[in-house]
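# Understanding the architecture of this molecule
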Amino acid sequence: MEIIYAQDNLSLGQMAARWVAREILVCPHLVLGLPTGSTPIGMYHYLTRLAQEGIISFSQVRTFNLDEYVGLAADHPQSYAFFMREHFWSKVDLPNGNVNIPRGDVSNLAEECRRYDDALQRVGGIDVQILGLGPNGHIGFNEPSHNMEIHTHVVDLTAATIQANRRFFPDSEAVPRQAVTMGVGSIMQAQKILLLVSGESKRDILTKTINGPVSTEVPSSILQLHADITVLTDIKLNRR
Ligand code: GLP
């Protein structure tokens with residue numbers, strides 16, 4: 001694991017965008033795995049700027065988002081599709097046909113999971129996967145559990161995640177209880193991974209991610225086994 005420190009959240013966004021931009025310059029038809037959450041917002045902002053300045057182009061890039069809430073349509077303001085459109089898709093030259101995100105509003109979710117995995121397989125898997133880190137160590141929406149799913153699947157969100165998401169919804173009843181998420185297998189098959197972690201509240205979980213035992217109870221700890229992972233963080237850690 002390579003660890004890169006950013007001064008603060010602002011420079012983390014800039015550094016992440018430059019890191020991704022370099023990958024696109026090397027490989028213009030990159031298959032890019034993308035996260036949601038507050039952490040990558042700065043990265044999307046600066047990537048947009050780099051694209052608008054003509055330094056990079058997304059015209060040949062293919063993107064795959066990690067996850068989506070079950071029950072929310074793409075036009076729901078709290079859906080991840082809505083988030084992505086607002087922060088990124090609508091602002092860069094990424095063709096609509098190159099954008100992939102699981103749908104959470106279909107009646108046959110098992111079929112949707114298969115469709116998503118097939119689409120991933122058709123492009124040969126993820127080249128570069130950007131990840132955020134859930135407060136409980138989830139990556140995508142792969143929650144702490146006694147096992148890990150390899151493929152795209154429907155997950156029951158933990159009480160902690162439902163509680164953490166409560167602030168985005170008008171009342172607790174409206175908070176989705178399930179999500180569709182890419183599996184840990186697809187994430188680990190990425191050629192390269194960039195994990196973004198910002199804010200003191202993530203110190204403990206980042207320490208467990210990097211130095212703790214590899215355990216399904218801390219899904220992010222499995223990233224220790226990846227051959228090419230960079231952690232970009234604004235949390236200064238005491239290395240072991
Ligand atoms: C959600 C997403 C994760 C993301 C996490 C962290 O749970 N499913 O992919 O990493 O949020 O969000 P934040 O960056 O807001 O802490």
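Below, the structure is looked at part by part. (Residues numbered from 1 in each chain as written. Predicted model: local features only at pLDDT ≥ 70, side-chain atom pairs only at ≥ 80, totals over all residues. Heavy atoms only, no water.)

## A closer look at the site of the ligand
Residues in contact with the ligand, as listed here, are Thr-36, Gly-37, Ser-38, Thr-39, Asp-67, Tyr-80, Gly-132, Leu-133, His-138, Gly-140, Phe-141 and Lys-202. The backbone of Gly-140 places a nitrogen or oxygen atom 3.2 Å from a nitrogen atom of the ligand. Burial of the ligand by the surrounding chains reaches 90%, relative to a free accessible area of 390 Å². A breakdown of the residues in the shell around the ligand according to their chemical character gives three nonpolar, seven polar and two charged. (Near = heavy atom within 4 Å. Polar contact = N/O pair within 3.5 Å; in protein donor to acceptor, adjacent residues only side chain to side chain. Areas by Shrake-Rupley, 256 points an atom, 1.4 Å probe, with all protein chains shown as cover. Nonpolar A, V, L, I, M, F, W, Y, C, P; charged D, E, K, R; others polar.)

## Topic: the sheet that holds strand S9 (residues 192–197)
With respect to topology, seven strands assemble into an open sheet ordered S1-S10-S9-S6-S2-S3-S5, the strand pairing being parallel. Unpaired on one side and paired on the other, strand S1 (2–5) and strand S5 (99–100) mark the two borders of the sheet. When strand S2 (residues 31–34) meets strand S3 (residues 62–65), the two strands line up parallel, connected through four bridges. Its bridge partner lying in S3, Leu-32 is registered against Thr-63. (Pairing = 2+ DSSP bridges. Helix = DSSP H or I, 4+ residues; strand = E, 2+ residues; numbered from the N terminus.)

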